[in-house]
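# Analysis of the macromolecular model
Listed here are the chains, written in short residue letters.
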Amino acid sequence: MFVLRAPNPCCISVIDYNNNTTVRTQTTVYQHYRQRPCVCVCVCERLKTMAAAADGVVPTLAIRSSVAVELWSSAGAKQPYEHKPNLPREETKSSRSICFSPDGRYFAYSNGVVVKVLHVPPTTANTDGNNTAVADAVGWPVQCTLPRPKAFYLKFSPRGNYLCTWENYAITKDRPEGAPNLLVYDVATGTEVFATVQKNQTDWQPSWSADESIFALVVGGEALFYDLAVDPAVGFAQTSRKIGGSRGGMLSLGPGNSPPYLAFITPGAKGAPSMCKLYKYPALGQNQTVACKSFFQADRAEMLWNKRGSGLLLLTSTEVDKSGASYYGNQAVHFMATKGDTCSVPLSKEGPVHSVKWSPKANEFVVVYGFMPSKAALYNLKCDVVFDFGEGPRNCAYFNPFGNLLVLAGFGNLPGAVEVWDISKRERIANLKCADTTHFEWHPNGEWFVTATTAPRLRISNGFKIYHYSGALLHETFWPQGQELLGIEWQQYADNTFAEPKITKAKHEGIKSSQPEASKKVYTPPHLRLLKEGKNPENYLPQPTPTVPGLPAAAPGSGKNKKKNNSRSNKARGNNSMNNKQRETTGDAAATPQDAAAADAVPTDGVEHQQQLPATRSGSAAATTFGESPRRIAPPRQRQQPRQQQQQNNYPQQQVQYTEPGGTPRHPGNDNGNNNNSDKDRKIRSVAKKLSDIKKLKSRQGQGETLELNQLNKIEMEAKYLEELKALKLTV
């Protein structure tokens, strides 16, 4: 709360930054402008002075890692972020969530034992632009401690007076119906004011009005409202109104107005469309709707209000695309206004809707949609396209807190290209690449933004970087090996704390990244590089080497001739095989005496004779290869017998002698010793593998790991395998 008193004692202006009443206060000031212009000018100048003083404030960064929860600060815009002794730090490996209140008064975090809420000390700016925190003398005192060791999510109310905690729903022996897992605490006293069961993890957050006079949540598809304007203790005890009742209902309260507008979605059933209705609280009757919109193909809907609470965007989606065109299902965007207007947002390219974001000025919104490369377009409140950003590899959109800058980026499975656009001039200011980004957030001053690589999405190369909107790198920090960065968040401030920055194309001075940059040179093949240098590439080709000692090297192009010869021989084999099949089917006596004589005359001791031998009609000479004996051709009647019977009858005749290198003939039956040795080696390898597995299991058992029953039985077989291995090695 700030009280501004002008030199004239007749005018006092009270501005509550926690209540979003700055606009009303300024309106009151302007109403007195005609009567006391000097007073109003003095108040406005005081507001400008406060905003200018806040420009030198550098907010802290709350960091949640695998080893601690800590806050980092910087001495100035050009100074690095680091942890300082005056800032809190608690070593814990079980922190699940960190959270600043919307006005920046409180900071809450979980440590696996309790939830601590710290009071953030005020921060003032020096004349040199650096921030001086009163925390040096006061510290960050503990406002309250909440007994929630399993808290998974934390969320403050709009004014920061209440803190909501959510944890996984569980059933115990003492409470078989399940204990409440959604709780609301009063931050000032740390007392529990509300508790209920909320099994839905996706939409667990309750809804609040901007002034915290209304608290609402959905239980079993029914929206319950609690009136806290008179007495919060009594208001949390009983519901004041209800709406809905069908399974899967969703509720959202709009910001800004008091009493607020609210939207409630009833999912469709049995072929009926889903329905979204707008109401003005407390008029929640069936005939008191402000606007209504129906839509099909909506398994899920996301409601996005603008900052004033006058417009609502519905992002509807289905989990499965029945046409099979998209892996991500079907998405559509619908617009609803509190004046009663409704329409569907036109999209000029097929594909999924990647991102939908409102401008903080509440009069425009951006949609990123379509198959890659996706399109991005800026729409007005009539759902007309006012500017097309073109196509590119992007799936995210982020407005800065003032709505004069827009970042279009491609994160996730995209390479991380970032585009910074000036919304007022409709031009691109900077292009940069932020690879492996899992978290993006604008600085409250609207000029900087932070990108971070966090776990568990990515467990390597964790760290964060801070950029200026011109693309200059201001700071970077990488986490050491073995540690993980789990979350990062800017300190929040009340509205109108910072003045809207003036956007220029001037390049901001930054630092050079310590990461090595990828080469931007285009790959050039070696022969083109030699040509550019004026050299002949043929002189640098590898020279052929002789494959057989004593023989000259193969001439260039011999490989091609060899391929041609191989193709010819393969073609001849194919023709001969076709002729053989024809003779078998027709029963023609194709094996003439000349063919048999030619087959008997084929030598077996060289390749040259094989090349000189002409291919006969039976193909016996062409089928003879190096080191093989010619196969005797059976008579036609014998070939017509079944294959097994033919093999049994001809087995004595087909035992052809093979010649050893020394000239000693040997029969194929002499290879039984080699086959026995290979079988024995195979058995030895199998037993050795089993013994190796047993050794690994015993090592795991020695480390305290509990083994399965079959693994224990395998360990007991170790002695048997050892005896079997010994017997195999002793056998000859």
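Use the structure listed above.
Each chain carries its own residue numbering, running from 1 in the direction its sequence is written. Only residues with pLDDT of at least 70 are given local features in this predicted model, and only at 80 or more are side-chain atom pairs given and counted; all residues enter the totals for whole chains, interfaces and linings. Only heavy atoms go into the side-chain values, all of them from the structure, while hydrogens and water stay out.

Only one rule defines a salt bridge in this text: a Lys or Arg side-chain nitrogen within 4 Å of an Asp or Glu carboxyl oxygen. Here the structure, examined in full by the defined rule, presents 21 salt bridges. Among the salt bridges present, the one from E364 reaches R426, with a minimum N-O distance of 3.4 Å. Of this pair, E364 sits in strand β30 (residues 364-369) while R426 sits in the loop between β35 (417-422) and β36 (427-433), and the two are 62 residues apart along the sequence. E364 sits in the buried class, given a relative accessible area of 14%. Of the charged contacts in the structure, one is a salt bridge between E427 and K505, with a shortest N-O distance of 3.2 Å. With E427 in strand β36 and K505 in the loop between β41 (485-490) and α5 (526-532), the pair connects residues that are 78 residues apart, well separated along the chain. Any residue under 20% of the maximum accessible area for its type is buried, any over 50% is exposed, and the rest in between are partly exposed; the area is computed with a 1.4 Å probe on protein chains only. Residue E427 is classed as partly exposed on the basis of its relative accessible area of 23%. Take K505: its relative accessible area is 60%, and that puts it in the exposed class. The way it works is that DSSP assigns letters per residue, a run of H or I at least four long becomes a helix, a run of E at least two long becomes a strand, and they are numbered from the N terminus.

Next up on the list: the sheet that holds strand β18 (residues 214-219). At least two DSSP bridges between two strands are needed for those strands to be called paired. The sheet built from four strands is open, its strands ordered β17-β18-β19-β20 with antiparallel pairing. In this open sheet, the two edge strands, each paired with only one partner strand, are β17 (207-208) and β20 (241-244). Direction of pairing for strand β19 (residues 222-227) relative to β20: antiparallel, over a ladder of four bridges. Pairing of E222 across the sheet is with G244, part of β20.

Summarising burial for strand β26 (residues 311-317): seven of the seven residues are buried, a large majority. Because side chains alternate across β26, one face comprises the buried residues G311, L313, L315 and S317, and the other comprises L312, L314 and T316, equally buried. Pairing between strand β25 (residues 300-305) and β26: six bridges, direction antiparallel. Pairing of R300 across the sheet is with S317, part of β26. Count of turn residues in the β25/β26 antiparallel hairpin: five residues, of which G309 carries a positive phi of about 75°.

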